[in-house]
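# Topology and contacts: notes
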Amino acid sequence: MVDGIFRLGLVCEAMFRFIRLGGKKMAALPLEFQKRMKNLLGQEYEAFEACYDKPGFRAIRVNPLKCSADALRGFLPFSLTPAPFATGSYYIPQQAAGLGRQPLHHAGAFYVQEPSAASAVTVLAPVPGDRVLDLCAAPGGKSTQIAGALQGQGLLWSNEVVRNRAQVLLSNMERMGVRNAVVSSCRPDLLCERLAGYFDKVLVDAPCSGEGMFRREPQAVKEWSLAHTEACAARQLAILNSAAQAVREGGVLVYSTCTFAPVENEGVVSAFLQKHPGFVLEETGLSGGRQGIPSCGDGTPSLKKTRRIYPMDGGEGHFVAKMRRLQENSNAPASYEFTAQKKPEERLAEALYKELFSVMPYGSIVQVEDKFLLLPRELPDLAGLGVLRAGILLAQKKKNRLEPEHALFMASKAQESRQKVDLPLEDPRVYSYLHGEEIGISERLKGFTTVFVEGVALGFGKASGGVLKNRYPKGLRNLK
Ligand code: SAM
């Protein structure tokens, strides 16, 4: 009897491919998925299947707004090996633990991002001064990557339709010190209609069936079905149809997914191009991964210009397509109206800024209710678009005072701060500060003081009598 059960176990093991996560058997690969992948990959299927016996790739991306790769390499207790899909993306060893609790992670020096996920922004190729829309942006891997490439110049509009995910996106944008962004939670059709023709570059990193995440998220395996991939494709096409409006004439639309499903990849691109003959496919410029497969879409040979990345290529799985809008788009959204006359309290906020930093404010200071924002100088009208944040939150009015905000310090640079403590990574005060405790500092410091770790802004506090009162936000603290 026991022997029978044992043999049955072996048969099942042979019929279903199990995924192992950290050596633990997690879930079987769906048979229909296996069948389709065999058809797609032919002789390479064996190599593909063998990947599921190994752990997934792990990588981080350095944040050039706050740190250089060379500096980061010197501070992290593990090796960084360049990944092939994006500048600044590095493989890290499997055993690298507790990344989210690392002080330099709190400081926004790096972002944990699966290596092939970084490929879409390489294809989008944002440059300083561009206007970029990231339409499905939470939790912010690609938005923070775009922000790094923009170097504070131009505008990044990061949208996430699911409100609580948009909050996570905002928190990540603040951690990474992004100054020139708008974060919104708006329906893509509404947003793109209002901002028609405004953007040089639009990214649609669409919600998908997540086949490329099977090794990391067993839930994606459980939820998988052919019907689900088809439902995802219909939703993806609807999002892309909206996105098309937001692209200026000559601008670029990049579409990406983390699935291998033909219907969600070449299938969606084919359907989109049939509906929008004013867009053409271009080469992605990626060297990693391999050509798209025309027969996975409507057979058009140019679908070869899209890119597929499999685990055998060094990433968990991604699909990327680059399309250029040739058709004119004469719509121009209304501009945000900055009033020439400053309100008295906006002057106070400007005085506070100058008290804290030795440079001129990098945006226009605008009061919205009890909040003071440093807004990018050129903006479209924001009204009715579910905006959670535009620019940087500089200060809030509390009773009759202006209190500076954490985000302002996170986006600051060491050379600009009038008062700072810069702690080495191994200084126990770094952890005390992240736990929310007071820390001892020079008696010479008085008032608001930026806290840096190895030159990377971590937060702020208020100095008095040789002690720094902690202002690290409660929700971000490292609990013991
Ligand atoms: N680009 C993000 C990053 O790099 O961190 C990941 C985006 S994730 C693949 C897709 C996002 O689309 C999710 O945050 C999801 O909430 C959002 N989404 C879900 N349904 C949507 C819809 N109908 N329209 C637009 N976005 C949607």
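The following paragraphs examine the structure supplied in this document. Along each chain, numbering runs from 1 in the same order as the chain's sequence is written. Restriction of local features to residues with pLDDT of at least 70 applies here, the model being predicted, together with a cutoff of 80 or more for giving and counting side-chain atom pairs; totals for whole chains, interfaces and linings are based on all residues. Only hydrogens and water are removed before side-chain values are computed, so all heavy atoms of the structure are retained for them.

### Notes on the overall build of the protein
Short version of the rule: The way it works is that DSSP assigns letters per residue, a run of H or I at least four long becomes a helix, a run of E at least two long becomes a strand, and they are numbered from the N terminus. The quantity called the radius of gyration is restricted to C-alpha atoms. Its globule counterpart is 2.2 Å times the number of residues to the power 0.38. The classification of residues rests on relative accessible area computed with a 1.4 Å probe and restricted to protein chains. Under 20% of the type maximum is buried, over 50% is exposed, and intermediate values are partly exposed. Whether two residues are in contact is decided by their heavy atoms, any of which lying within 4.5 Å being enough. Accessible areas in this description were obtained via Shrake-Rupley with a 1.4 Å probe; residue shielding takes into account the shown protein chains only. For the charge count, each Lys or Arg is scored as positive and each Asp or Glu as negative, with His and the chain ends excluded. Charge placement uses NZ in Lys and CZ in Arg. For Asp and Glu, CG and CD serve respectively.
Along the backbone of the protein there are 15 helices and 25 strands. Taking 2.2 N^0.38 as the reference for a compact globule, 480 residues should give roughly 23 Å; the C-alpha atoms of the protein span a radius of gyration of 24 Å, in line with that estimate. Over its C-alpha atoms, taken along the principal directions, the protein stretches across nearly 75 × 60 × 35 Å. Burial statistics for the protein: of 480 residues in total, 56% are counted as buried. Pairs at least 24 apart in sequence give 71% of the contacts found in the protein among residues at least 6 apart. By element, 53% of the accessible surface of the protein is carried by carbon and sulfur atoms, the whole surface being about 20500 Å². Once the 60 positive and 49 negative side-chain charges of the protein are each reduced to a mean point, those two points are 4 Å apart.

### A look at the packing of aromatic side chains
The following threshold applies: Two rings from Phe, Tyr or Trp (for Trp, the six-membered ring) form a pair when their centres sit within 6.5 Å of each other. Planes less than 30 degrees apart are called stacked, planes more than 60 degrees apart edge-to-face, and all others tilted. Whether a charge lies above a ring is judged from NZ of Lys or CZ of Arg, which has to be within 6 Å of the ring centre and within 35 degrees of the ring normal.
In total, this model carries 19 aromatic pairs according to the counting rule given. Centre to centre, the rings of Phe57 and Tyr91 are 5.7 Å apart; their planes meet at 45 degrees, and the pair counts as tilted. Pair noted here: Phe57 is in the loop between helix 3 (45-50) and strand 3 (59-62) and Tyr91 is in strand 5 (residues 89-91), with a separation of 34 residues, a long-range link. We classify Phe57 as partly exposed; its relative accessible area is 25%. The exposure class of Tyr91 is buried, given its relative accessible area of 17%. Three or more aromatic residues joined by ring pairs form one cluster here, namely Phe33, Tyr45, Phe48, Tyr52, Phe214, Trp224, Phe260 and Tyr310. It is Arg131 that lies over the ring of Tyr198; its NZ or CZ is 3.8 Å from the centre. Here the basic side chain of Arg179 rests over the ring of Tyr362, its NZ or CZ set 3.7 Å away from the ring centre.

### So, the side chain of Ser209
Operational definition: Throughout this description, a polar contact denotes any pair of N or O atoms lying within 3.5 Å of each other; where both atoms belong to protein, one of them has to be capable of donating a hydrogen while the other can accept it, and for residues adjacent in sequence the pair is counted only when both atoms sit in side chains.
Note that Ser209 resides in the loop between strand 10 (199-205) and helix 10 (218-223). Side-chain polar atoms of Ser209 contact the side chain of Thr259, separated by 2.9 Å. Side-chain polar atoms of Ser209 contact the side chain of Glu264, separated by 2.5 Å. Once residues within four sequence positions are removed from consideration, Ser209 is found in contact with Phe214, Ala220, Trp224, His228, Thr229, Cys232, Thr259, Ala261 and Glu264.

### Some words on the packing of helix 11 (residues 226-246) against helix 12 (residues 266-275)
What counts, and what does not: Note on geometry: axes are C-alpha line fits, over the in-contact stretch for helices, and angles between N-to-C directions span 0 to 180 degrees. Roughly parallel covers angles under 35 degrees, roughly antiparallel covers those over 145, roughly perpendicular covers 65 to 115, and oblique covers all other angles. Whether a crossing is left-handed or right-handed is set by the direction in which the near helix is turned from the far one by less than a right angle, anticlockwise for left-handed and clockwise for right-handed. For this classification, the nonpolar set comprises Ala, Val, Leu, Ile, Met, Phe, Trp, Tyr, Cys and Pro, the charged set comprises Asp, Glu, Lys and Arg, and every other residue, Gly included, is treated as polar.
In contact at an axis separation of 10 Å, helix 11 and helix 12 are set at 40 degrees when each is read in the N-to-C sense. Comparing the axis directions of helix 11 and helix 12 gives the class oblique. Crossing handedness for the pair helix 11 and helix 12: right-handed. Only Val268, Ala271, Phe272 and Lys275 of helix 12 make contact with helix 11, whose side of the interface consists of Ala233, Gln236, Leu237, Leu240, Asn241 and Ala244. A breakdown of the residues in the contact of helix 11 with helix 12 according to their chemical character gives seven nonpolar, two polar and one charged.

### Topic: the site of the ligand
Operational definition: Whether a residue is near a molecule or strand depends on its heavy atoms: if one lies within 4 Å, it is near.
Around the ligand lies a shell of 17 residues, among which Cys136, Gly141, Glu160, Arg165 and Asp205 are the nearest. With respect to the ligand, the backbone of Cys136 contributes an N or O atom lying 3.0 Å from a nitrogen atom. One of the backbone N or O atoms of Ala138 is found 3.3 Å from an oxygen atom in the ligand. Contact with the protein chains hides 82% of the accessible area of the ligand, taken as 590 Å² for the molecule alone. Elements with a contribution of two residues or more to the shell around the ligand: helix 7 (141-150) and helix 11. Residues belonging to the shell around the ligand are distributed by class as follows: ten nonpolar, two polar and five charged.

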